[in-house]
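# A closer look at the structure
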Amino acid sequence: MALWITDECINCDVCEPECPNQAISMGDERYEIDPRRCTECVGHFDEPQCVQVCPVECIPVNPEHVETREQLRLKFQALQAGGAR
Ligand code: SF4
Ligand code: SF4
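Each chain carries its own residue numbering, running from 1 in the written order of its sequence. The order in which chains are written sets their letters, starting at A; the order in which ligands are written sets their numbers, starting at 1. For a predicted model such as this one, the threshold for reporting local features is a pLDDT of at least 70, and the threshold for listing and counting side-chain atom pairs is 80 or more; totals across whole chains, interfaces and linings nevertheless cover every residue.

As annotated in an unreviewed UniProt entry, the chain is YfhL family 4Fe-4S dicluster ferredoxin from Rubrivivax benzoatilyticus.

## Some thoughts on the environment of Ala23
In this text, helices come from DSSP runs of H or I with a minimum length of four residues, and strands from runs of E with a minimum of two, each type numbered from the N-terminal end. Along the polypeptide, Ala23 turns up in the segment before β1 (24–26). Exposure classes come from backbone-placed C-beta atoms, where a residue is buried if 20 or more other C-beta atoms lie within 10 Å of its own, exposed if 12 or fewer do, and partly exposed in between. For Ala23, a count of 23 C-beta atoms within 10 Å puts it in the buried group. In this structure, the C-alpha to C-alpha distance between Ala23 and Cys12, residues 11 residues apart in sequence, is 16 Å. Here, residue contact means that the backbone-derived C-beta atoms of the two residues sit within 7 Å. Apart from residues lying up to four places away in sequence, Ala23 is in contact with Ile33, Asp34, Arg37 and Cys38.

## A look at the site of ligand 2
If you check the shell around ligand 2, you find 14 residues, and the closest are Cys9, Cys12, Val14, Cys15 and Cys54. When the residues that make up the shell around ligand 2 are grouped by side-chain class, the tally is 12 nonpolar, 1 polar and 1 charged. Residues are counted as near a molecule or strand when the C-beta atom, derived from backbone positions, lies within 6 Å of that molecule or strand. Gly is put with the polar residues, along with every residue not named as nonpolar or charged; the nonpolar set is Ala, Val, Leu, Ile, Met, Phe, Trp, Tyr, Cys and Pro, and the charged set is Asp, Glu, Lys and Arg.

## Things to note about the site of ligand 1
Near ligand 1 you find 14 residues, and of these Cys19, Cys38, Cys41, Pro48 and Cys50 are the closest. In terms of residue class, the shell around ligand 1 is built from 9 nonpolar, 3 polar and 2 charged.

What follows is the structure, encoded as structure tokens:
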């Protein structure tokens, strides 16, 4: 699954530089995660780095982007190859 940021986000800027896939960016009101780029950190880390650093725990899994670990790994490989930009 990709993750997503809820409206509890306080725009603290901590998660954005931690994402190895550049999936996090500032949206209209708060930070957002691009589900095409979020691999739940599969391929880079054992745990989602944004979840590790978020002080208000507002980054749950995105129920609209349910993916298996294998799918996440394929997404990681596609990103490494330069896809989904
Ligand atoms: S889980 Fe990992 S890849 Fe997904 S947005 Fe968070 S830091 Fe980026
Ligand atoms: S770390 Fe959490 S509160 Fe801070 S900008 Fe990211 S999602 Fe928002």
